[in-house]
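Architecture and fold: a report
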Amino acid sequence: MDTGNSPGPAADRHESVLVVDDSVVQREHAVALFRSLGVVQIHEAHHGLQALDLLAELPVPPSLLVIDLEMPEMDGIELIQQLSRRGIRIPFLVASSREGALVRAVETMATTLGMPLLGGVSKPLTAELLAGALQRCHAVDTGSPLLPATGLPPPIAPERLEAALAQGLVLPYYQPKVDIRTGIVRGVEVLARWTDPVLGTVPPDRFIATAEKHGLILRLTQSIADQAMAQLASWMSHGLAMSMAINLSPLLLQTPGLVEGISALLARHGLAPGQLVLEITEGSVVGYDAQTMGVLGRLRMRGMGLSIDDYGTGFSSMQQLARIPFTELKIDRSFVHKAHQQAHLRVILQSALEMAGRLGLVSVAEGVETMADWRLLQQFGCTLGQGYLIARPMTGDALPRWLKSHEARLPALRTPTAESETT
């Protein structure tokens, strides 16, 4: 079914939409809202199969899909899966009157499939909600909507990574970790960055995967750690004392001499072991063997901190947290950003922070992007935070300059209690 209407204010940008819903009443409501927003063409389908047939016939794909979940013939979940299999990448909203947990599960599925999901919303739809979706759908990078997806980029050749390491192209960047109560910088996380004259900016997940697969992860980690420790020593010589967190691949925990190698680097740069925190992803702590546990124990005995990274995304248990000598619990950004808007995220976030406190661990929240995120973390008693609200990763030379500008923001970041303690 195709419903036309006269052009309105949004017609130049939003040529057409497709509403997929088995309810005539809900479809008519959505059509009326889109018409009020000036959409030129509004297509309708009452289940997923009809939507797929319509998409195959249209000469120009819609700008936006609105997909109901519960429909006969083919439901909304099946439709999203079919769109993914056929390489059809059109921005879409999931609309449902079902419980929030179901909508969130569908959101997770769509994100995992790499689909351009704009969000899951509850019925009834509103003009404000649809207007926002129409604005966002043109910012989504979907490629060619009705052509098969090109897939992942080709893997990085190990020879190219070796050459980059030899030429000093892989450099440490630093993202500040700040005290949630006061906003004062307590440390930095070290992040590897590679800008290649031919490849351009190479994402870390591509070259780190190559390093792990081809036996280069030790060399990569040593290079980044050596450069970062030299930078920390330089900062200290100018009165900037802080801790430094470096990510440690689980593969390295099987490397002979790892503990001695890290200790030697610290000694070379005149750093105390307590200034170094080694971050290990949560998923890698499952099933640790005796040798790995021994390495972690020796690192901790020498005074280095151990952080469980991306907490909440793996399968660690209370027992594993208790038997491994972690000093820090780092909560994944997926449980931090927008937790002030979603009750289930707030529950998980608060529980993780309370557990960290009871275990005597420093709690670090990743992905702090808004003041609402920041205030909620203050309310829940988080220790440290990092994210774009504070700063993006930066070079070592840029950090002292950033610190000067950051100092001006401290009064706005402090809790009322921290403010009174400093006056």
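Quick notes on the rules
Residues numbered from 1 in each chain as written. Predicted model: local features only at pLDDT ≥ 70, side-chain atom pairs only at ≥ 80, totals over all residues. Heavy atoms only, no water. Helix = DSSP H or I, 4+ residues; strand = E, 2+ residues; numbered from the N terminus. Buried < 20%, exposed > 50% of the residue type's maximum accessible area, 1.4 Å probe, protein only. Contact = heavy atoms within 4.5 Å. Core = buried A, V, L, I, M, F, W, Y, C linked by side-chain atoms within 4.5 Å. 1 Å grid on protein atoms, 1.4 Å probe; cavity = no way out; pocket = protein on both sides within 12 Å on 5 of 7 lines; lining within 4 Å. Points joined across faces, edges and corners; volume = space filled by probe spheres on them. Nonpolar A, V, L, I, M, F, W, Y, C, P; charged D, E, K, R; others polar. Pairing = 2+ DSSP bridges. Arc of directions from axis to C-beta. Polar contact = N/O pair within 3.5 Å; in protein donor to acceptor, adjacent residues only side chain to side chain. Right-handed = clockwise from strand over helix to strand, strands pointing away.

1. Quick look at the overall build of the protein chain
- For the protein chain, the helix and strand inventory stands at 16 helices and 15 strands.
- Taken over 423 residues, the protein chain has a buried fraction of 48%.
- Taking as baseline every contact in the protein chain between residues at least 6 positions apart, the subset at least 24 positions apart corresponds to 73%.

2. Regarding the nonpolar core
- Membership of the largest hydrophobic core comes to 77 residues, with the highest contact counts inside it found for Val170, Met244, Leu299, Leu349 and Leu377.
- With near-sequence residues (within four places) excluded, Leu377 lies in contact with Ile180, Val336, Leu349, Leu353, Ala365, Val368 and Cys382.
- Counting residues in each nonpolar core, the second largest holds 25 residues, with Val20, Ile88, Ile90 and Val94 among its members.

3. Topic: the side chain of Ser96
- Position of Ser96 relative to the elements: it lies in strand β5 (residues 92–96).
- Apart from the residues within four sequence positions on either side, Ser96 is in contact with Asp68, Leu69, Val103, Val121, Ser122 and Lys123.

4. So, empty space enclosed by the protein
- Throughout the structure, instances matching the rule amount to one cavity of 30 Å³ or more.
- Of the volumes computed, that of the largest cavity is approximately 60 Å³.
- For the largest cavity, the full set of lining residues is Val19, Val20, Asp21, Gln26, Arg27, Ala30, Val66, Ile67, Asp68, Ala95, Lys123 and Leu125.
- For the lining of the largest cavity, the secondary-structure elements that each account for two or more residues are β2 (16–20), α1 (24–36) and β4 (64–68).
- Across the lining of the largest cavity, the residue classes tally to seven nonpolar, one polar and four charged.

5. Focus on the pairing of strand β13 (residues 328–331)
- Burial along β13 is two-sided: the residues Glu328 and Lys330 and Leu329 and Ile331 are all buried.
- One ladder, built from four bridges, connects β13 with strand β14 (residues 362–365); its direction is parallel. If you follow Lys330 over to β14, its bridge partner there is Val364.

6. Some details on the environment of Met74
- Among the secondary structure elements, Met74 is positioned in the loop between β4 and α3 (76–85).
- Met74 sits in the buried class, given a relative accessible area of 8%.
- In the structure, Met74 is positioned 22 residues away from Leu52 in sequence and 10.0 Å away in space, judged by C-alpha atoms.
- Met74 has contacts with His47, Gly48, Leu49, Leu52, Leu79 and Gln82, leaving out every residue within four places of it along the chain.

7. Examining unusual backbone geometry
- The phi dihedral of Glu73 falls on the positive side, at around 65°, and the residue is not glycine.
- Within the fold, Glu73 resides in the loop between β4 and α3.
- A relative accessible area of 63% means that Glu73 is categorised as exposed.
- Even without glycine at this site, Lys338 takes up a positive phi of about 75°.
- Within the secondary structure layout, Lys338 lies in the loop between β13 and α12 (343–358).

8. Topic: α3
- Turning to α3, its buried residues number three or more, namely Gly76, Leu79, Ile80 and Leu83. Along the long axis of α3, the arc covered by the buried residues comes to 100°, so they all point the same way.
- Looking at where α3 begins, the residue whose side-chain oxygen comes 3.1 Å from the main-chain nitrogen of Ile77 is Asp75.
- Directly beyond the C-terminal end of α3, a positive phi value near 70° is found at Gly87.

9. Remarks on the pairing of β14
- Handedness of the crossover is the feature at issue here: the chain leaves β13, passes through α12, returns alongside β14, and the resulting connection is right-handed.
- One ladder, built from two bridges, connects β14 with strand β15 (residues 384–385); its direction is parallel. When the bridges of β15 are listed, Ala365 appears paired with Gly385.
- Crossover β14 to β15 through helix α13 (residues 371–380) is right-handed.

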